[in-house]
Amino acid sequence: MSVHILGGGVSGLSAAYYLCRKISPKTISIWEATKRTGGWIQSHKTEKGIIFEQAARTLRPRTETGENTLKLIEELQLTDKIRPVLANSPAAKNRLIYVNGKLHSLPSSLFSLFKTQSPFSKPLITNIFNEHKQPVKIVEDESIYDFINRRFGSEMADYMMSPLICGICAGNAKEISVNFLVSHLFQYEQKYGSISKGLLKKVFSPKKNSTTSRLSERVRREKWSVYSFENGLETLPNKLDEVICSKGVQINLNTKCEKVEFSGKEVVVHSQDNSLKSKHLVSTLLSGTLAPLISDQHPQLSHLLKQIQSVDVTVVNFHFKDSLIKNPGFGLLVPPKENLPILGIIFDSCCFNQNNDTVLTVMMGGFWFKQYFGDFKKDEEFYDVALNYIKKILKINEMPSEYKVNVLKNCIPQYTVGHRKTVSKIKDYLKSSELPLSLCGMSYDGVGVNDVILSAKNCVENLNEKS
Ligand SMILES: Cc1cc2nc3c(=O)[nH]c(=O)nc-3n(C[C@H](O)[C@H](O)[C@H](O)COP(=O)(O)OP(=O)(O)OC[C@H]3O[C@@H](n4cnc5c(N)ncnc54)[C@H](O)[C@@H]3O)c2cc1C
């Protein structure tokens, strides 16, 4: 059996890695459109030796999908390269929002829930306590904003959930599906009548006995919040690339797939000057990128794939000499209600010290890209906007010693209301048509690195069941 993988990001590399356990690595090939693997994981080292993360920067270890990544990291022998952020550090505890021209810390402890903390008009414990009294609304799905507004009120929807959604997927909480992104909270209401009742049930239900890796025991013992690697997050895809190549997987760089053709039980992929036949195709491309490649033979599937849309984000990395952040933390987010052209600023150097200097990343655009920036802007214009908000919000008036602007086109899929249904229609189509095609990557099962690694693993395991 030969398997071809489209895309050499962390999904494609992980799919190949897990597939090597099932079939001969020599029968696995990857096509990657650009000159490098890693996709949106890009850790750029500047001339002054500073690491600029151009998209993904940290991983969460204490989730189910996070456990799987920890196991992978152990297998790849990357444990000694990890740099954790501990739960008691300011970078883990202090999360800020920028409202009405001022920075506000979000509540970070049980004690802080009992205090009135601006911009909230009363202690958040009041909203939490009243949640179980709110009427239940039985729905298939709704926006995260509407859900939080119904259960906890508009302040929590505007100042907690909306900025959080900007941070997770550069999206608009008024459009994003609650039954996908925080489905556990949604299910608590639908099944038990309120989130608080659902949480109580969970606390008193027997814990699942999950097998954990040595690394995840260390995570718990040392209380990690998030982590990366000493040379940046790209260490992970680089190592995956090295390991699968050493086993015999063939990675073709600068090879963009232009068309996919299904013929009986086989599939042929075409690039500008190459065609390749295989028994099975794994696509890790964004659904919207795959859609036109298969539209001639499968217009209905192509139509479904197009429904999962993505947004553009501009990322501007800055390096300033010396330590300039007065209120250290993970960073700040801007609630969409503030109508500002930035999504947030990440305080990279508070997470990982870099020569005691200040490293910041400004994120812009996302759902609101067109509204603020139109179709096109020059790098200098993005730089000006980003630096202006660093000055205004963080009161940093020094000039950066280095910076980098990147406009990331179609970089984050939006799981809008009804996403779960769309994905299940796509899966039904693949099943009923028996196409030799499997899908994984950001468009379907989750937007983070942990999610896509697990999605690649599951995709490959299912593929094995079929063969
Ligand atoms: C700004 C930003 C910040 C993020 N921050 C975090 C974070 O802190 N933590 C976290 O966990 N996640 C984060 N993410 C998400 C994370 O980056 C993704 O989950 C992950 O990188 C997705 O990997 P992938 O392989 O699925 O997709 P990609 O990285 O997009 O890889 C797909 C690959 O396919 C290639 N390709 C495209 N078209 C073709 C074609 N026609 N033929 C062949 N190859 C093609 C592309 O060149 C690319 O290399 C962030 C994402 C962005 C954009």
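No experiment lies behind these values; they were computed from the predicted model shown.

Colleague: Run through the nonpolar core, naming residues and quoting values.
Modeller: Ranked by internal contacts, the top residues of the largest apolar core, which has 85 residues, are I5, L236 and I244. Among residues more than four places away in sequence, those in contact with I244 are L13, A16, Y17, C20, I30, V249 and I251. Counting 29 residues, the second largest nonpolar core, distinct from the first, contains Y98, F382, Y383 and I390.

Colleague: Talk me through the domain arrangement of the chain; I want residue IDs and the actual numbers.
Modeller: According to the domain assignment, the chain consists of domain 1 (3–43 + 235–308 + 418–466), domain 2 (120–203) and domain 3 (310–413). Averaged C-alpha coordinates put domain 1 and domain 2 at centres separated by 34 Å. Across the boundary between the two partners, domain 1 contributes eight residues, which contact seven residues of domain 2. Together, the buried faces of domain 1 and domain 2 total about 570 Å²; carbon and sulfur atoms form 56% of this surface. If you look at where domain 1 meets domain 2, you find one salt bridge. We note a salt bridge from E140 to K421, for which the minimum N-O separation is 3.5 Å.

Colleague: Now, about helix α5 (residues 144–152): what can you tell me, with residues and values included?
Modeller: For α5, the complete set of buried residues consists of I144, Y145, F147, I148, R151 and F152. Along the long axis of α5, the arc covered by the buried residues comes to 165°, so they all point the same way. The inward-facing, buried residues of α5 contact α4 (124–130), α6 (154–169), α7 (178–181), α8 (183–192) and α9 (195–204). In the stretch just after α5, G153 is the one whose phi turns positive, near 100°.

Colleague: Explain the side chain of T65 residue by residue, including any values.
Modeller: Inspection of the secondary structure assignment puts T65 in helix α2 (residues 64–75). Those residues within four positions of T65 in sequence are excluded, and the remaining contacts are N450, D451 and L454.

Colleague: Run through the packing of α2 against helix α10 (residues 214–222), naming residues and quoting values.
Modeller: Where α2 meets α10, the axes come as close as 8 Å, and the angle between the chain directions of the two elements is 120°. The angle between the axes of α2 and α10 places the two elements in the oblique class. Residues E67, L70, I73 and E74 of α2 form the contact with α10, whose own contacting residues are R214, L215, S216, V219 and R220. Across the contact of α2 with α10, the residue classes break down as four nonpolar, one polar and four charged.

Colleague: Tell me about the site of the ligand, and name the residues and values.
Modeller: Every one of the 31 residues lining the ligand counts as a neighbour, but S11, E32, W40, T58 and V447 are closest to it. E32 is positioned with one of its side-chain polar atoms (N or O) 2.6 Å from an oxygen atom of the ligand. Between the ligand and C257 there is a distance of 2.9 Å, counted from a nitrogen atom to a backbone nitrogen or oxygen. In the complex, 87% of the free accessible area of the ligand, which totals 1,000 Å², lies under the protein chains. For the shell around the ligand, the element with the most residues is strand β18 (residues 402–413), which contributes three residues. When grouped by side-chain class, the residues that make up the shell around the ligand number 17 nonpolar, eleven polar and three charged. Residue contributions to the shell around the ligand reach at least three from each of two domains, namely domain 1 (3–43 + 235–308 + 418–466) and domain 3 (310–413).

Calculation notes
Position numbers for residues count from 1 along each chain, tracking the sequence in the order it is written. The predicted origin of the model limits local features to residues at a pLDDT of at least 70 and limits the giving and counting of side-chain atom pairs to 80 or more, whereas totals for whole chains, interfaces and linings rest on all residues. Heavy atoms from the whole structure form the basis of all side-chain values; hydrogens and water molecules are not counted. Only buried residues count toward a nonpolar core, which is a set of Ala, Val, Leu, Ile, Met, Phe, Trp, Tyr and Cys residues joined through side-chain atoms within 4.5 Å. Each residue's exposure class comes from its accessible area (1.4 Å probe, protein chains only) as a fraction of the maximum for that residue type: buried when under 20%, exposed when over 50%, partly exposed otherwise. Two residues form a contact once any of their heavy atoms are found within 4.5 Å. Either an automatic procedure or a domain database provided the assignment from which the domain bounds are taken. As a working definition, buried area equals the accessible area (1.4 Å probe) given up by two parts on being put together, with both sides summed. Think of a salt bridge as a Lys or Arg side-chain nitrogen and an Asp or Glu carboxyl oxygen that are within 4 Å of each other. Elements are defined by DSSP. Helices are runs of H or I of four residues or more, strands are runs of E of two residues or more, and each kind is numbered from the N terminus. In this context, the arc is that of the directions from the helix axis out to the C-beta atoms. Where helices are involved, their axes are fitted lines through C-alpha atoms of the stretch in contact, as for all axes, and angles between N-to-C directions lie from 0 to 180°. Here is the rule for angles: anything less than 35 degrees is roughly parallel, anything more than 145 is roughly antiparallel, 65 through 115 is roughly perpendicular, and the remaining ranges are oblique. Ten residues, namely Ala, Val, Leu, Ile, Met, Phe, Trp, Tyr, Cys and Pro, are considered nonpolar, four, namely Asp, Glu, Lys and Arg, are considered charged, and the remaining ones, Gly among them, are considered polar. To be near a molecule or strand, a residue needs just one of its heavy atoms within 4 Å of it. Counting of polar contacts relies on pairs of N or O atoms within 3.5 Å, with two restrictions inside protein: one atom must be capable of donating a hydrogen and the other of accepting it, and residues adjacent in sequence are counted only when both atoms are side-chain atoms. The method behind every accessible area is Shrake-Rupley, applied with a 1.4 Å probe, and residues are considered shielded solely by the protein chains displayed.

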